[in-house]
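The lines below spell out each chain.
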Amino acid sequence: MNTEENIIKMDMGALGGGNASGEQILCLGIESSCDETSAAIVDSDRNILAHIIYSQIPEHQKYGGVVPELAARAHILAIDEVVRRTLATAGKTMNDIDVVAATAGPGLIGGVLIGWMAATGIAQATGKPLVAVNHLEGHALAPRLHAASAAGASLKNGVEFPYLLMLASGGHCQILLVRGVGRYELIGQTLDDSAGEAFDKVAKMLGLGYPGGPVVDARAANGNAARFKFPRPLCDKPGCDFSFSGIKTAARTMLDREPAPYSDGFINDFCASFQASVVDCITNRLANAMDDARVRAAMPKTLVVAGGVAKNSAIRAALERLAAEHGMLFAAPPMNLCTDNGAMIAWAGLENYRAGRVVDAPVAPRPRWPLTEL
Ligand code: KG4
Ligand code: ZN
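Residues numbered from 1 in each chain as written. Chains lettered and ligands numbered in written order. Predicted model: local features only at pLDDT ≥ 70, side-chain atom pairs only at ≥ 80, totals over all residues. Heavy atoms only, no water.

### Overview of the environment of leucine 176
With respect to the helices and strands, leucine 176 occurs in strand β10 (residues 173-180). Each C-alpha atom of the pair leucine 176 and alanine 140 lies 9.1 Å from the other, and the pair is 36 residues apart in sequence. For leucine 176, the contacting residues outside a window of four places in its chain are Tyr163, Leu164, Leu165, Leu167, Tyr184, Glu185, Leu186, Ile187 and Leu371. (Helix = DSSP H or I, 4+ residues; strand = E, 2+ residues; numbered from the N terminus. Contact = heavy atoms within 4.5 Å.)

### What about the packing of helix α3 (residues 68-90) against helix α4 (residues 109-126)?
The N-to-C vectors of α3 and α4 enclose an angle of 30°; their axes lie 9 Å apart at closest approach. When the axis of α3 is compared with that of α4, the two are roughly parallel. Along this stretch, α3 crosses α4, giving a crossing that reads as right-handed. The residues of α4 that touch α3, namely those facing Ala72, His75, Ile76, Ile79 and Val83, are Gly110, Gly111, Ile114, Gly115, Ala118 and Ile122. Considering only residue class, the contact of α3 with α4 consists of seven nonpolar, four polar and no charged. (Axes fitted to C-alpha atoms, helices over the stretch in contact; angles between N-to-C directions. Parallel < 35°, antiparallel > 145°, perpendicular 65-115°, else oblique. Left-handed = near helix turned anticlockwise from the far one by under 90°. Nonpolar A, V, L, I, M, F, W, Y, C, P; charged D, E, K, R; others polar.)

### Describing the coordination of the zinc ion (ligand 2)
Protein-derived ligands of the zinc ion (ligand 2) are His135 (NE2), His139 (NE2) and Asp340 (OD), with the metal-ligand distances lying across 2.0 to 2.1 Å. Look at where the donors of the zinc ion (ligand 2) fall in the sequence and you get H-x3-H-x200-D. Taken together, the positions of histidine 135 and histidine 139, both in helix α5 (residues 135-145) and four residues apart, correspond to about one turn of that helix. On the accessibility criterion, histidine 139 (1% relative accessible area) is buried. (Donors = N, O, S within 2.8 Å, 3.2 Å for Na, K, Ca; no water. Buried < 20%, exposed > 50% of the residue type's maximum accessible area, 1.4 Å probe, protein only.)

### With respect to the environment of aspartate 35
The residue aspartate 35 is located in the loop between β2 (26-31) and β3 (36-43) in this model. Taking the C-alpha atoms as reference, aspartate 35 lies 21 Å from threonine 120; in sequence the two are 85 residues apart. With near-sequence residues (within four places) excluded, aspartate 35 lies in contact with Tyr54, Ser55, Gln56, Ile57, His60, Val66 and Tyr210. A distance of 3.2 Å separates the side chain of aspartate 35 from the side chain of tyrosine 210, its partner in a polar contact. (Polar contact = N/O pair within 3.5 Å; in protein donor to acceptor, adjacent residues only side chain to side chain.)

### Examining the site of ligand 1
Residues in contact with ligand 1 amount to 19 residues; listed here are only the nearest, Gly170, Asp200, Gly213, Asp217 and Asp340. In the model, a nitrogen atom of ligand 1 is placed 2.9 Å from a nitrogen or oxygen of the aspartate 217 side chain. The side chain of asparagine 312 places a nitrogen or oxygen atom 3.1 Å from a nitrogen atom of ligand 1. Relative to its free-state accessible area of 560 Å², ligand 1 is covered by the protein chains to the extent of 90%. Listed by contribution, the elements that provide at least two residues to the shell around ligand 1 are α5, α6 (195-205) and α7 (212-220). It is α7 that provides the largest number of residues to the shell around ligand 1, a total of four residues. Residue composition of the shell around ligand 1, by class: four nonpolar, 11 polar and four charged. (Near = heavy atom within 4 Å. Areas by Shrake-Rupley, 256 points an atom, 1.4 Å probe, with all protein chains shown as cover.)

### A few points about the sheet that holds β10
Read from one edge to the other, the open sheet built from five strands follows the order β11-β10-β9-β12-β13, with strand pairing classed as mixed. Every other strand in the sheet has two partners, leaving β11 (183-189) and β13 (329-331) as the edge strands with one partner each. Mean inter-strand twist for the sheet, computed between neighbouring axes without regard to direction, equals 25°. Relative to the sheet, helix α9 (residues 264-291) contacts β9 (163-168), β10, β11 and β12 (302-306), its axis offset from that of β9 by approximately 155°. (Pairing = 2+ DSSP bridges.)

### Description of the side chain of aspartate 292
Note on placement: aspartate 292 falls in the loop between α9 and α10 (293-298). At a separation of 2.8 Å, a polar atom in the side chain of aspartate 292 contacts the main-chain amide nitrogen of arginine 294.

### Focus on the pattern of salt bridges
Close approach of charged atoms allows side chains of opposite charge to pair. Enumeration over the complete set of coordinates arrives at 18 salt bridges. Its salt-bridge partner being glutamate 81, residue arginine 85 comes within 2.9 Å of it at the nearest N-O pair. Placement of both arginine 85 and glutamate 81 in helix α3 is noted, with a separation of four residues, approximately one turn of the helix. For glutamate 81, a relative accessible area of 28% gives the class partly exposed. Bridged by salt links that share partners, the residues Arg179, Glu185, Asp292 and Arg294 form one connected network. (Salt bridge = Lys/Arg side-chain N within 4 Å of Asp/Glu carboxyl O.)

Here it is, written out as C-alpha cells:
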C-alpha cells in the first residue's frame, strides 16, 4: 500500500452552505463498502470539517476491476490512519464528536465489516451513539449536504424532501421517490446490469482501463454520437425499468467486427455513441417516472441524480434539461460527493441521528440491503 500516493485530502469547510441553526452536531462517518477507505467529519450546518479518501483504484487497476479480497486487506491497512488523519485535519478529538456512523451495507462484505467494526469499536470505547448507514442512502442524501447544478455551480442549500432520485452507481440503477430519511419508494430499477457496470465493461472492451466511466465520459466529449447505432432497450415500452445488457452486447458485437487496435477517432466516436444510448435510456425512463401516479401525487420539486454515474457530464446536462421541461429543479451532488466517500456517510449518519435512528442492538453488516427495507 502506498498511502501517500493514494490519499486524497479534502478539507472542504469553505463549501458549507447551511445556516447556523440550533445545537451543532458533529458526525464522524466511515465508508469502506468498495474500493475507497474514507472518513469525514460533517456538522449540522453542512460544513465538511475534514474529508480523507484513501483510493485503492491503483491497486485494482491491473485486474480490470475490484478484487474483493484485495480490497478487504487494503481497508484493514488503511482504516486507522484514515480516521486518525480525519480527526487531525478537523483539529478534533473523539471527545468533540457527537455521533459515529459507518456504512453497514450493501457492498463487498469484507470491506463493509472492516469499516463497521472500526465504527462500532470507536462508539463503544467512547460511549457515543452509533448509526448504521445504508450506503445507498449515503448517495441518496448527499445532495442534501451539498448540491450543484449541471454546470457544477454550487446551489446554496441542500435539496428538500420529497425529490425524485436517479440513483446510478457501479452496483445499482434505480429511480426512487425520496420522501424523507429512511422513506424510499422504488419507482423503477434495472432488470440486469447497472449503468456504471455498462460504462466499466465498454471501457474494458476498448482497453481504456478501470474505472470506465470517467474515461468514456472524457472520450465521448470529442466523439460523434451518430456514428454507431446502439439500441435503447425498453424505451419503446411504458414503465420506469432499465436494461443495459443489450447495450453491452451491441458493443461487443460491433467491436468483434472491427480489428483492434482502435484509432483515437474510433474510440471517441464509440464512446460518444454508447454514452448517448445510456443518456437516452435514463431520460426516457425518468420522463415516465415523472408521470407515475405516486410521483405526481407526491409533487417532488427537484430531480436529483446521485451515485458515481452522476459525475457524467452528458447525463447531468440531459437531466437538467428534462427537469426544466417538466417544471422541476435539477440538482446533483458536487463531483467529489458522487463517487464513494465518507462525507456522504457522515451526513446520512447525522440525518439518521436527528431522526432518532441510532443503533441500540448489535447490527450484522449486510451485503444486500435495499433502500426499501430501511
Ligand atoms: O457510487 P460509486 O463510486 O460506487 C458504487 O457504489 O458502485 O460508482 C462507481 C461507478 C463506476 O461504475 C464508475 O465507472 C462510474 O461510477 N463513474 C462514471 C463516471 N465517473 C464514475 N460513470 C459515467 N461517467 C462518469 N464520469
Ligand atoms: Zn457507491
